[in-house]
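# Architecture and fold: a report
Here is what each chain is made of, one letter per residue.
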Protein chains: 2
Amino acid sequence: MSGIASNPVEPPRYIRHQAPRPRSEAKRSHIIDAAMRHFAENGYHAARVGDIAATLGIAKGSIFQHFGSKDGLFFEVYKRAVRSFSKYLDAPADVRAAGFFDVLYYWLVRTEHMLREDWIPYRISLLGNYGTDLVLKREINRFLTTEDPYGTGAFVRFGLERGELRKDMDIEMIVSILDWTMERFQDALLTAELDPGLFRRQGEMPEKKEARIRQFLEVLQRAVGAVSASSVHSNRQIRRIAAADLVARTKMS
Amino acid sequence: MSGIASNPVEPPRYIRHQAPRPRSEAKRSHIIDAAMRHFAENGYHAARVGDIAATLGIAKGSIFQHFGSKDGLFFEVYKRAVRSFSKYLDAPADVRAAGFFDVLYYWLVRTEHMLREDWIPYRISLLGNYGTDLVLKREINRFLTTEDPYGTGAFVRFGLERGELRKDMDIEMIVSILDWTMERFQDALLTAELDPGLFRRQGEMPEKKEARIRQFLEVLQRAVGAVSASSVHSNRQIRRIAAADLVARTKMS
DNA sequence: ATGCTTCCGTGACTTGGAGTCATCCATGAG
DNA sequence: CTCATGGATGACTCCAAGTCACGGAAGCAT
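What you are looking at is a predicted structure, and each value in this text was computed from that prediction instead of being measured.

## Considerations on the protein's contact with DNA strand C
G61(A), K70(A), I58(B), A59(B) and G61(B) are the nearest of the 19 residues found near DNA strand C. Broken down by secondary-structure element, the contributors of at least two residues to the surface near DNA strand C are α2 (49-56) and α3 (60-67) of chain A together with α1 (22-46) and α3 (60-67) of chain B. Residue contributions to the surface near DNA strand C peak at four residues, all from α3(B). Of the residues assigned to the surface near DNA strand C, the class counts are five nonpolar, eight polar and six charged.

Set out below in structure tokens:
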């Protein structure tokens, strides 16, 4: 295509000819751990690769040898953080048995507690979603699409098989909507920074928060839930509203 | 409160005693324009303040004098970009008269065209939403909340007054859900253009896109729309599905 | 006009962190 | 013990954000 192939192409170097020694993998892992803490505490930009190295008592160059760049390091950190989260279907068996929307409820009410005891990976995912760079964000999206770390796809199929989700929609549309709204709702729940609109008022009112969760789930159920007896969320309040609505609809006709 | 007022406090300097001269405002405006182009073309990180200055034929220090920092400059750029977008209720009168969901439809189908003729501010808003820094993102959210540049609040009130939206939900919940899903849906719609890697399937299928828009709006209507004759979207397909659903619900009881 | 003051623009300079590389060293194979 | 390989090192380069002392321009007063 372009120039003349004057020199025979050198075989590309820096390709692993054999699996890395076990020591190397362990070190990588240590670096990722320390980096995760640093990124979580300082944010992406304020985190210094040199500081991470100093914390570990190793040379900065070593980190670059392993990960190539600060972006590359963060991407590994991000993947580990996200993989450490539970998948939807990891909910206890009795919750799963209760149904699709009960599983969502289960995870939403636990979000806050999980944050307190394990805030570091959550903060990392927040940085990956909003606080780094569009180029990196693109990599992250590719990762999320191919790996589906929350198991949204399987979870939606679960809901479809149980007849709790509408069958007349593209499944990708359901997955997307679930991903979008759950992500944003959880962000709003957890960080006043991101959504000052929805939760700014009630700093210390857990019951108000729970009401929001219920309302959100109810909206979600209307949006993508199938309309049949088995799909009605087992929670009393939601069932009550759905029933009232049904009456209203019936009267209308 | 804190220490002893040992020294009489110096009157703070660097406070504007009078409005900036008109020349200054014009220059600010020029800088913002050039910066917007640079950020849009290169992304936040790759954009160089020095390049922007060189493009304008002025000194780099001048930009810092006006905006304090690169972040500060970007924030001004972001505000201008977002303010340049239409508000929901800027739709033509006949579209407004057709109803809430028709207005949404109107804007969604136009998103693509608007992108082509005016891609720079869109790209800026994308950078502001995903590609800078959490600290800046926080400022941006505060701005979006206080200024409501898309007029979402007024638009939701419009829908409520027309009886097209549910009255048994907190209004902020509706606003948040509308903001979240519209933003993400538009991003998905548009980044398919900008970045064929993500949604590479329907690159050249406008009718598929329109089907997606209809499906999305239908979901949204189920989620937050009131159930009454006047709320049904005027689009035939949506009305048909809503009617079928009503029948199904009635049978169920 | 002449001086006075305040603001604006300038570009050389400082700061500081990402990324590099020649060299060293630890380890394993023969 | 020697050699070969690849990880570890840290001083070094590069580069862009941000600073500042200075000079000049524009308003203001006399």
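## Quick notes on the confidence of the model for chain A
Scored by pLDDT, chain A has a mean of 80; 75% of the residues are at 70 or more. This stretch, residues 229-253 of chain A, has a pLDDT under 50; its non-local contacts, to residues over four places away or in other chains, come to 38 contacts.

## Quick notes on the environment of A46(B)
In this fold, A46(B) is placed in helix α1. Counting along the chain gives 137 residues from A46(B) to E183(B), while the straight-line C-alpha distance between them is 25 Å.

## Topic: the protein's contact with DNA strand D
Neighbouring residues of DNA strand D: 19 residues in total, closest I58(A), A59(A), G61(A), G61(B) and K70(B). Elements that contribute at least two residues to the surface near DNA strand D include exactly α1 (22-46) and α3 of chain A together with α2 (49-56) and α3 of chain B. At four residues, α3(A) tops the list of elements feeding residues into the surface near DNA strand D. Broken down by class, the residue content of the surface near DNA strand D amounts to five nonpolar, eight polar and six charged.

## Notes on the environment of S24(B)
Residues and elements named next belong to chain B. Assignment of secondary structure puts S24 in helix α1. Among the residues examined, S24 registers 11 C-beta atoms within 10 Å and is labelled exposed. Distance in space between the C-alpha atoms of S24 and R162 is 46 Å, their sequence separation being 138 residues.

Rules behind the numbers
Residues numbered from 1 in each chain as written. Chains lettered and ligands numbered in written order. Predicted model: local features only at pLDDT ≥ 70, side-chain atom pairs only at ≥ 80, totals over all residues. Near = placed C-beta within 6 Å. Helix = DSSP H or I, 4+ residues; strand = E, 2+ residues; numbered from the N terminus. Nonpolar A, V, L, I, M, F, W, Y, C, P; charged D, E, K, R; others polar. pLDDT = per-residue confidence, 0-100. Contact = placed C-beta atoms within 7 Å. Buried ≥ 20, exposed ≤ 12 C-beta atoms within 10 Å, placed from the backbone.

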